[in-house]
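Each chain, letter by letter, is given below.
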Amino acid sequence: SNFFFETQEEVFEMNNGCICCTVRGDLIRILNRLMRQKKKFDHILIETTGLADPAPVAQTFFMDEDMKKLLAIDSILTVVDAKHIGLHLNEKKVDCVNESEQQVAFADRILLNKCDLVTAEEKAEVRSMIKARNQFCDIVECTNSKVDLDQVLGINRFSLEHIVNDVDDHFAENDHDDHEHDDHHEHEQK
């Protein structure tokens, strides 16, 4: 899947490939390029695909010395489809991570979207499912993903301590060498 970084003037497209190999390198390259621009940014919003694991993107800000000095993660936001999330959170996967579970677990704030499509009881059940997986996240209810910017930018909710202690024991480790790919470093570039 492709990743895009957008400013008012430019869209940066990231290459396809292994998230650990390609995305970190592309993300560092693009963020360094943005930091060299004369125009300064109040916020940089990084959007991943709907099924992306947020850990490798977040790790970039702690694994790269320049990123540690230049930027900080404000928060990890996850948009959750109130109508369909139950199917995804309860999905049992063999030999792989349930991406929906991972996204909910990593989130500092959940945008509970499509609230107009569920009953009050269904919404309460979804909120309960989310809190069972991440008791620390804020939940902001919305329809059509409409929220005030102050609900998603400058909220200062990210906690590395929470991620390491409550979510992912291996987050702070650079585990790139500990995994295998059938096609390691032979990714097709688009």
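Anything mentioned here points back to the structure above.
Predicted model, so just to flag it, every value in this text is computed and none were measured. (Residues numbered from 1 in each chain as written. Predicted model: local features only at pLDDT ≥ 70, side-chain atom pairs only at ≥ 80, totals over all residues. Heavy atoms only, no water.)

A. Up close: the pattern of salt bridges. One pass over the structure, following the stated rule, counts 8 salt bridges. A salt bridge links arginine 29 to aspartate 26; its shortest N-O distance comes to 3.3 Å. Residue arginine 29 and its partner aspartate 26 are both found in helix H1 (residues 19-36); the two are separated by 3 residues, about one turn of the helix. By relative accessible area, which is 41% here, arginine 29 ends up partly exposed. With a relative accessible area of 7%, aspartate 26 lands in the buried category. (Salt bridge = Lys/Arg side-chain N within 4 Å of Asp/Glu carboxyl O. Helix = DSSP H or I, 4+ residues; strand = E, 2+ residues; numbered from the N terminus. Buried < 20%, exposed > 50% of the residue type's maximum accessible area, 1.4 Å probe, protein only.)

B. Representation of the nonpolar core. If you look at the biggest cluster of nonpolar residues, it comprises 16 residues, and the most contacted ones within it are Leu31, Phe61, Ile73 and Ile76. For this core, the secondary-structure elements that each account for two or more residues are H1 and helix H2 (54-63). Per element, the largest residue contribution to this core is 5 residues, and it comes from H1. If we ignore the near neighbours within four places in the chain, the residues touching isoleucine 76 are Pro54, Ala58, Phe106, Ala107, Asp108, Arg109 and Phe158. With 15 residues, the next largest nonpolar core counts Val80, Leu89, Leu112 and Ile130 among its residues. (Core = buried A, V, L, I, M, F, W, Y, C linked by side-chain atoms within 4.5 Å. Contact = heavy atoms within 4.5 Å.)

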